[in-house]
2 protein chains.
Amino acid sequence: MTSKSKLTPVELKLATSLLNHGPIVLVSSAHGGKQNVMTAAWAMPLDFVPPKVAVVIGRESFTRELMEASGAFVLSIPAKAIADKVLWAGSHSGREVDKFSESGLVALPASKVSAPLIDGCVACLECKVIAEPHNQQQYDLFFGEVVAAWADPRVFSDGQWQFNDDSLRTIHYTSQGNFFAIGEPFRVDDK
Amino acid sequence: MTSKSKLTPVELKLATSLLNHGPIVLVSSAHGGKQNVMTAAWAMPLDFVPPKVAVVIGRESFTRELMEASGAFVLSIPAKAIADKVLWAGSHSGREVDKFSESGLVALPASKVSAPLIDGCVACLECKVIAEPHNQQQYDLFFGEVVAAWADPRVFSDGQWQFNDDSLRTIHYTSQGNFFAIGEPFRVDDK
C-alpha cells in the first residue's frame, strides 16, 4: 500500500503527464469542517502552462458542493491496490455517509488547497477552480488550475511512469465494476 | 491489422464506454474536398444521453479549421498495431503534407458526418460540433454530440472491451513517443 510519505513533489510543468494516459481519478474537496471524496472517470488535462485540468462532476455530488464553496479540489490517481475503495467511493454519497470513515480511504493534508490528498494514490494534483459558470451549469464540467502536484517516485520519476509493481498500476474504468490496469510500456520513434 | 469491414455499429447509449478508459484518439475532419487527421491525448466523455465528448484541439491545427468549417469530426481509437502512424500524425501538420498519403493512415467513409473514420482503429465516434465559442477560443476545447458509433467486435462486444490480441489493445500516451498498451482486466464487486 502506498502512503503519504511516498509522495514527492512534481514540477508543475510535468503535472499534466500524471493524467495524460487516462486513469480514473478520485476528486476530493473540503469546506467548513467537512470533506468528501468521489470517483470520476471523466477527467483530462486542459493545458500545459499553467497546467489545467477538466473534470465532470454531477450536480447532485456533495464533493461538488464543497468544491464550489471552497474554490478548490484535488484529483488523486489511485493505485490498483485500492480499486475496491475507488468503486465504493463512486457508488455512495457523502450526503448520507462519511465516505472517509466508511470507505477506508484516508485523507491527508494538501500543501496549497483545503481539499485533501488521498492515501493509496500514486499521484495527486492540487487544483484551484477556474470559474466557468456556463460549463458548470450546462455540462457539469469544471476546470482547475494545478497549483501543486505529487507523485509516488516508485512509479513516476524524471517525468515518466514506470510500473514494476502490479499493485501500483493506474486503473482505467469501463463500467459496472470493470477496470483495466495500465499495461506494458512501448516506445515509438518518430520518423 | 484491423479494417473497415470489422467495424460494426455500437448503440449510442454505449458510445461513451468506448472512450471511458482514457485511450489516445485520432481526430479527423473534412470540408470542401480536403480532409485531415491529427492525434489528441486530451479527450473524454462529457455526457451519456445524448452521448457527448470533449476534446482539446490546438488553434494552429488544420483538422480544427476543417472541423469548424464543417461542424463535424470523428474520434477514432487506434489499436496498438498503428501506434507508429498515430505518433506521426501527432507530429506533422496537414498544412504542409497530405497526412493520409504520408502517414499510411487510411480514411474510410463515415455514416452521418463528412469527417472520415480511420482504418486500423478499434472504435470510431462520429460527432457533430456543439458550438461553444468561448471554450473553443479560450481553452481550445471542443464539445461534440456523438451521432454514430462503431467498434471492432473482436475487442468490444456487449458493451465491454476484451483484448485478447495484443496488437488490438488501445494505447495510452504519456510523452515523447512513450505509450502504454491497456493492460489486464479486473473486476471489483461493489459492497
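Predicted model only: the values in this text are computed from it and were never measured.

**Student:** I'd like to hear about the overall build of chain A, residue by residue, with values.
**Tutor:** When its secondary structure is counted, chain A shows 4 helices and 14 strands. Dimensions of chain A along its principal axes, counting C-alpha atoms only, are 50 × 35 × 30 Å. A total of 191 residues make up chain A; the buried ones form 61% of that total. Only carbon and sulfur atoms are counted for the fraction: they give 49% of the accessible area of chain A, which is about 7400 Å².

**Student:** Tell me what's going on with the pairing of strand E5 (residues 52–56) of chain B, and back it up with residues and numbers.
**Tutor:** Residues and elements named next belong to chain B. Taken across its 5 residues, E5 has 5 buried, putting it largely inside the fold. With burial as the criterion, each face of E5 is covered, one bearing Lys-52, Ala-54 and Val-56 and the other bearing Val-53 and Val-55. As defined by bridge partners, strand E4 (residues 43–47) adjoins E5 across 4 bridges and the pair is classed as antiparallel. Within E5, the position partnered with Met-44 by the bridge is Ala-54. The hairpin formed by E4 and E5 contains 4 residues between the paired strands. Here 5 bridges tie E5 to strand E10 (residues 141–151), and the two strands are oriented antiparallel to one another. Following the sheet pairing, Val-55 is matched in E10 by Phe-142.

**Student:** I'd love a proper account of the relation of the copies chain B and chain A, names of residues and values included.
**Tutor:** Laying chain B over chain A is done by rotating through 180° and shifting 0.0 Å along the axis; what remains is an RMSD of 0.0 Å. Here the copies are linked by what is in effect a two-fold axis. Interface overlap between copies is the fraction of interface residues in one copy that are interface residues in the other; for chain B against chain A it reaches 100%, indicating a shared surface.

**Student:** Residue-level account of the environment of Ile82(A), with values.
**Tutor:** Residues and elements named next belong to chain A. Looking at where Ile-82 falls in the secondary structure, it is placed in the loop between strand E6 (72–78) and helix H2 (83–90). Look at Ile-82 and you get buried, because its relative accessible area is 2%. Each C-alpha atom of the pair Ile-82 and Asn-36 lies 17 Å from the other, and the pair is 46 residues apart in sequence.

**Student:** An account of the packing of aromatic side chains is needed here, citing residue identities and associated values.
**Tutor:** What the rule picks out here adds up to 14 aromatic pairs over all chains. Note on Tyr139(A) and Phe143(B): the rings are 4.6 Å apart at their centroids and 65° apart in plane angle, and the pair reads as edge-to-face. Placement of the pair is Tyr139(A) in helix H4 (residues 133–139) and Phe143(B) in strand E10, with the two residues belonging to separate chains. Centroid distance Trp161(A) to Phe163(A): 5.2 Å. Interplanar angle 15°. Geometry classified as stacked. Here Trp161(A) and Phe163(A) have matching classes, each one buried.

**Student:** Please set out unusual backbone geometry residue by residue, giving values where relevant.
**Tutor:** For the bond from Val49(A) to Pro50(A), the omega torsion is -15°, close enough to zero to count as cis. Within the secondary structure, Pro50(A) is located in the loop between strand E4 (43–47) and strand E5 (52–56). One non-glycine residue, Asp140(B), lies in the positive phi region at around 55°. Along the chain, the position of Asp140(B) falls in the loop between helix H4 (133–139) and E10. Classification of Asp140(B) by relative accessible area gives buried; the value is 16%.

Rules and cut-offs
The numbers attached to residues start from 1 for each chain and follow its sequence in the written order. Here chains are named by letter from A upward and ligands by number from 1 upward, in the order in which they appear as written. Given that this is a predicted model, residues contribute local features only at a pLDDT of at least 70 and side-chain atom pairs are listed and counted only at 80 or more, while totals for whole chains, interfaces and linings are drawn from all residues. Here the side-chain values reflect all heavy atoms present in the structure, with hydrogen atoms and water set aside. Counting from the N terminus, the helices are DSSP H or I runs at least four residues long and the strands are E runs at least two residues long. The buried label goes to any residue with under 20% of its type's maximum accessible area, the exposed label to any with over 50%, and the partly exposed label to all in between, with areas taken from a 1.4 Å probe on protein chains only. The method behind every accessible area is Shrake-Rupley, applied with a 1.4 Å probe, and residues are considered shielded solely by the protein chains displayed. Only strands that DSSP links by at least two bridges are regarded as paired with each other. To superpose the copies, least squares is applied to the C-alpha atoms of every residue with a pLDDT of at least 70 in both. Contacts are residue-level and defined by heavy atoms, with any inter-residue pair within 4.5 Å sufficient. Aromatic pairs are defined between Phe, Tyr and Trp rings, using the six-membered ring for Trp, whenever the two ring centres lie within 6.5 Å; interplanar angles under 30 degrees are classed as stacked, those over 60 as edge-to-face, and all others as tilted.

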